[in-house]
Amino acid sequence: MSKEKKSEFKPYHHPAGGWGAANATARVLMEQSVLVKGSRGLLSMNQPGGFKCPSCAFPDPDHRKTLEFCENGAKALAFEATKARVTREFFAQHTVTSLMERSDHWLEMQGRLTEPMCYDSATDRYVPIAWDDAYALIGQHLQALDSPHEAEFYTSGRTANETAFLYSIFVREFGTNNFPDCSNMCHEPTSRGLPPAIGIGKGTIVMADFDQAEAIFVIGQNTGTNSPRMMTNLVEARKRGVPVVLINPMPERALIRFTEPQDILQMGTFGSTAISTDFVHVRIGGDLAIFKGMMRALFEADEAGEDVLDKAFIAEHTVGMEAVRADVMSTSWADITRVSGIPEEQIRHIAGIYAKSNATIICYGMGLTQHQEGSHLLQQLANLLLLKGNFGKPGAGIAPIRGHSNVQGDRTVGIDEKPTQAYLDRVRDVFGFEPPREHGHHVVEAVAAMEAGTAKVFFGMGGNFARAIPDTDRAYAAMARLNLTVNVTTKLNRAHLVHGRDALMLPVVARSEIIRTTKGEQFVTIEDAMANVTPSRGVFEPVSEDVRPETEIICRVAMATLPNSKTPWADYIEDYTLIRDRIADVYPEIYADFSEKMKNPHGFHLDIPPRRRVWKTPNGKANFLVMPGLEVNDVIEDPAMLRLATIRSHDQYNTTIYSNSDRYRGVYNNRLVIFMNKEDREDRGLENGAVVGLETYSDDGYRRYVDGLTILDYPMPRGAIAGYYPELNPLLPLDFYDEISGTPAAKAIPVKIVPSVASAAPIRIAG
Ligand SMILES: Nc1nc2c(c(=O)[nH]1)N[C@H]1C(S)=C(S)[C@@H](COP(=O)(O)OP(=O)(O)OC[C@H]3O[C@@H](n4cnc5c(=O)[nH]c(N)nc54)[C@H](O)[C@@H]3O)O[C@H]1N2
Ligand SMILES: Nc1nc2c(c(=O)[nH]1)N[C@H]1C(S)=C(S)[C@@H](COP(=O)(O)OP(=O)(O)OC[C@H]3O[C@@H](n4cnc5c(=O)[nH]c(N)nc54)[C@H](O)[C@@H]3O)O[C@H]1N2
Ligand SMILES: [Mo]
């Protein structure tokens, strides 16, 4: 928490976006001392011939504006292009132990890393190391392992296609499928839950569908903060009179009222658009009950003779509806309303909106995926869409709103701990080595292996593994047992401080910067959340002469580790077209003529078979799937129990904390807060602004406790509280996850309030 600035809570009464966002954009560029450079960068961001925003994965619109960025994209760029630098002098001044005491925000504010650094245990400091020595050290450690499965190769979703592809080949040639990935904590339920239903683990809409939708549902997603450019689509839909239904335990500001920051007219007249026509104030984990309630209302209408189901579609394209009907009709309205916390009339009302619409888009985010039954929950969402044939027609489909800018692309090009045999055969045929056939580790399994001492090397391709994963205290201890930790990175973060016996920090050329090789300037490619693949070319000079492109780092690590490899790693360093040609060889169905297609600065769209009503499932049909019951998390019978959702503030990018405020939720200068229903607070005899601790219900012998949290009255449903990730990750047990996807249930941690041991300064509450 910031020492100088006083914590404050004052509800934000303005519409989201608008001047507030414009001011914030200008301020952040100034604070990072990059007003001129940053503004120039914004002109190239998401423009043909420029680079892709390093923030979220939302696509560019088909009808482009002169500027295509949002406040939070501008923040991501400003913090990447910052003038601040973390140099060897900085590390000489600070031991790693002392840096561990600093906040995530402080670490971030130190700036960009400029040269490779290596941990020196004698002085407990990072010291400079030559690139070749760093590669040699990694090679030695990897070669010394008894088995390649003793290494864990993490990927964060900012990694571009070319890098991710080479990484997936190197690691498999080395001999393992241990690919823990940020996606394991994010949209993995999408990747694993949807294929049995619709044959693909991706979204099925394109941008143009927003213009033809007759209803839009936004579920468990804080659009105005995490995918702000999507607000434009919602504003346009509302102007056409399209109903927008919001299902969320938090009345997220931007989804209630929004001013488009780039709409000068709206800003000039202080106008704003009401976004949600219906706000469904669901209990945490109550969504399944709502989906079943909506399906029940449709089946009841069908049985009453109303024409609400797309029977032709169901007959031609699907299997299994009757089993779902039986399950849903045996679920009582009493249970549906009890578990969801939503009255029957409101569920019937939104079911009516859904029934009336001939083309519905359902968007969702972490509020659905991060539950113990996240994958099953998404299958029920797919059932709902199938009932009205909402696939393969304009204006309709399922829209997982992905997180990291290339998290979907990384998966497409091979970052997968459970690869298919067919894919492995292609790798063998194209590269001439036999890849490992057994499944590897996802994030939770990787941490468990570190804890058990069976993992010895951690390699992080971007990201902040130590901070993003569950069970912080346990994870830190597990990582400290490793022989080697490597982080390929732009900025100093906690993952560099939680280190093994040896540790390396390898700084890279960032997304907004120019990649130059002996073959001239290179570009990389990105797949957005709607499967558009586009080139991304940086425009700034790299931060220093001693940073390297990510692709080169992977190639040189491969050369140091696999001296007898027949893969032409040295060629891939210089010419990225060669890498794209190999991607085309491994994925001929979707990536044929990749290099040729990349001559078009607008890129191309990867095939999504459900858009053609083609189902790549074993039976060739879309499948209705049954999930019995209504609970998406283990039930705990204790009236003191609260469900905690760990969420993002408006001023963070995952583990990167831009500031300690959260404007739209009215919180200033404090991240250690709990949003709570007033009656829940009063039941416990607590004051608004009281400082307390939280403890997790767990029976595995670990006590999980976070202290110094300020309670804020907030319109939460009863029994539901929210607080910020990553500060609350010590409360999230490692083994509390969705079995199908391995995704931790970060939105539904069972906790109770306990007294604070060391109370923090009280927060000022306005009004
Ligand atoms: N500026 C910015 N942009 C980002 C990111 C960032 O940190 N900052 N992160 C990126 C990444 S990696 C991702 S994955 C996305 C994340 O984007 P989101 O999916 O929006 O992520 P969260 O902030 O975790 O919260 C999601 C929402 O879920 C709601 N919620 C919690 N529990 C439930 C529930 O049980 N049911 C329902 N229906 N809703 C619930 C919360 O109230 C919140 O509004 O954003 C990406 N974009
Ligand atoms: N409790 C809880 N835990 C969660 C979540 C939650 O909602 N609740 N959300 C989960 C989700 S959705 C996700 S996606 C994960 C995120 O997990 P990660 O992807 O591991 O985390 P980030 O914070 O996005 O990583 C930021 C770091 O990436 C590095 N970086 C930035 N840009 C680049 C680049 O261009 N190249 C390289 N090589 N490095 C770069 C910088 O060093 C920066 O500090 O966290 C998950 N953890
Ligand atoms: Mo994510």
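Per an unreviewed UniProt entry, the chain goes by the name Formate dehydrogenase alpha subunit/molybdopterin oxidoreductase and belongs to Acidomonas methanolica NBRC 104435. Taken verbatim from the UniProt record of the chain, the Sequence similarities (unreviewed entry) comment is "Belongs to the prokaryotic molybdopterin-containing oxidoreductase family."

Here the focus is the nonpolar core. Ranked by size, the top nonpolar core spans 124 residues in total, and within it Phe153, Phe165, Phe170, Phe217 and Ile290 carry the most contacts. Considering every element that reaches this core, the biggest residue donor is helix 15 (residues 287–303), with 10 residues. Residues lining this core come from more than one domain, with at least three contributed by each of domain 1 (86–185 + 406–512 + 545–605) and domain 2 (189–400). Discounting chain neighbours no more than four positions away, the residues touching Ile290 are Ile247, Val280, Val282, Ser340, Ile342, Ile347 and Ile350. Residues Tyr12, Ala21, Ile216 and Leu234 belong to the second largest nonpolar core, which totals 30 residues.

As enumerated under the stated definition, the model contains 53 salt bridges in all. The residue Arg411 makes a salt bridge to Glu188 at a minimum N-O spacing of 2.7 Å. With Arg411 in helix 22 (residues 407–412) and Glu188 in helix 9 (residues 188–198), the pair connects residues that are 223 residues apart, well separated along the chain. With respect to class, Arg411 is no different from Glu188; both count as buried.

The next subject is the domain arrangement of the chain. Along its sequence, the chain is carved into domain 1 (86–185 + 406–512 + 545–605), domain 2 (189–400) and domain 3 (642–765). One C-alpha centre belongs to domain 1, the other to domain 3; they are set 31 Å apart. With 20 residues of domain 1 at the interface, the matching set in domain 3 holds 23 residues. Buried area between domain 1 and domain 3, summed over both chains or domains, comes out near 1800 Å², and the portion from carbon and sulfur atoms is 56%. Taken together, the links from domain 1 to domain 3 amount to 2 salt bridges. In this structure, Asp700 and Arg474 form a salt bridge, with 4.0 Å as the shortest nitrogen-oxygen distance.

Let us look at the sheet that holds strand 16 (residues 457–461). On the basis of which strands lie adjacent, the open sheet formed by 6 strands has the order 6-5-18-17-16-7 and mixed pairing. Sheet topology places strand 6 (125–128) and strand 7 (151–155) at the edges, where each strand pairs with a single neighbour. Adjacent strand axes in the sheet meet at a mean angle of 20 degrees when their direction is disregarded. In this fold helix 28 (residues 550–561) packs onto strand 16, strand 17 (484–489) and strand 18 (502–507), with an angle of close to 155 degrees to the strand it touches most, strand 16.

Between helix 15 and helix 21 (residues 374–387), the shortest axis-to-axis distance is 10 Å and the interhelical angle comes to 20 degrees. On the basis of the axis angle, helix 15 is roughly parallel to helix 21. Relative to helix 21, helix 15 is oriented so that their crossing is left-handed. Counted together, Asp287, Leu288, Phe291, Lys292, Met294, Met295, Leu298 and Phe299 of helix 15 and Leu377, Gln380, Leu381, Asn383, Leu384 and Leu387 of helix 21 form the full contact between these two elements. Partitioned by chemical class, the residues of the contact of helix 15 with helix 21 number 10 nonpolar, 2 polar and 2 charged.

Moving on, we come to the site of ligand 2. For ligand 2, the set of nearby residues contains 30 residues, the closest of which are Tyr154, Ser156, Glu550, Thr655 and Tyr725. One of the backbone nitrogen or oxygen atoms of Gly463 is found 3.1 Å away from an oxygen atom of ligand 2. A distance of 2.8 Å is found between an oxygen atom of ligand 2 and a side-chain nitrogen or oxygen belonging to Thr489. Coverage of ligand 2 by the protein amounts to 96% of the 930 Å² it exposes when considered alone. Looking at the shell around ligand 2, its residues break down into 12 nonpolar, 13 polar and 5 charged. Inspection of the shell around ligand 2 shows a minimum of three residues originating in each of domain 1 (86–185 + 406–512 + 545–605) and domain 3 (642–765).

With that out of the way, let us pick up the pairing of strand 16. The two faces of a sheet get side chains in turn, since along a regular strand they alternate between them. With respect to burial, strand 16 is a largely interior element, 5 of its 5 residues being buried. Here strand 16 shows no split at all, with Val457, Phe459 and Met461 on one side and Phe458 and Gly460 on the other all buried. Looking at chain direction, strand 7 and strand 16 are connected through 5 bridges and run parallel. In the sheet register, Tyr154 faces strand 16, and the bridge partner there is Gly460. In this sheet, strand 17 lies alongside strand 16 in parallel orientation, the contact comprising 5 bridges. Bridge pairing in strand 17 links Phe459 to Val486.

Calculation notes
- Residues numbered from 1 in each chain as written.
- Chains lettered and ligands numbered in written order.
- Predicted model: local features only at pLDDT ≥ 70, side-chain atom pairs only at ≥ 80, totals over all residues.
- Heavy atoms only, no water.
- UniProt positions renumbered as here; feature names shortened; annotations may be inferred.
- Core = buried A, V, L, I, M, F, W, Y, C linked by side-chain atoms within 4.5 Å.
- Buried < 20%, exposed > 50% of the residue type's maximum accessible area, 1.4 Å probe, protein only.
- Helix = DSSP H or I, 4+ residues; strand = E, 2+ residues; numbered from the N terminus.
- Domains from an automatic or database assignment.
- Contact = heavy atoms within 4.5 Å.
- Salt bridge = Lys/Arg side-chain N within 4 Å of Asp/Glu carboxyl O.
- Buried area = accessible area lost by both parts, 1.4 Å probe.
- Pairing = 2+ DSSP bridges.
- Axes fitted to C-alpha atoms, helices over the stretch in contact; angles between N-to-C directions.
- Parallel < 35°, antiparallel > 145°, perpendicular 65-115°, else oblique.
- Left-handed = near helix turned anticlockwise from the far one by under 90°.
- Nonpolar A, V, L, I, M, F, W, Y, C, P; charged D, E, K, R; others polar.
- Near = heavy atom within 4 Å.
- Polar contact = N/O pair within 3.5 Å; in protein donor to acceptor, adjacent residues only side chain to side chain.
- Areas by Shrake-Rupley, 256 points an atom, 1.4 Å probe, with all protein chains shown as cover.

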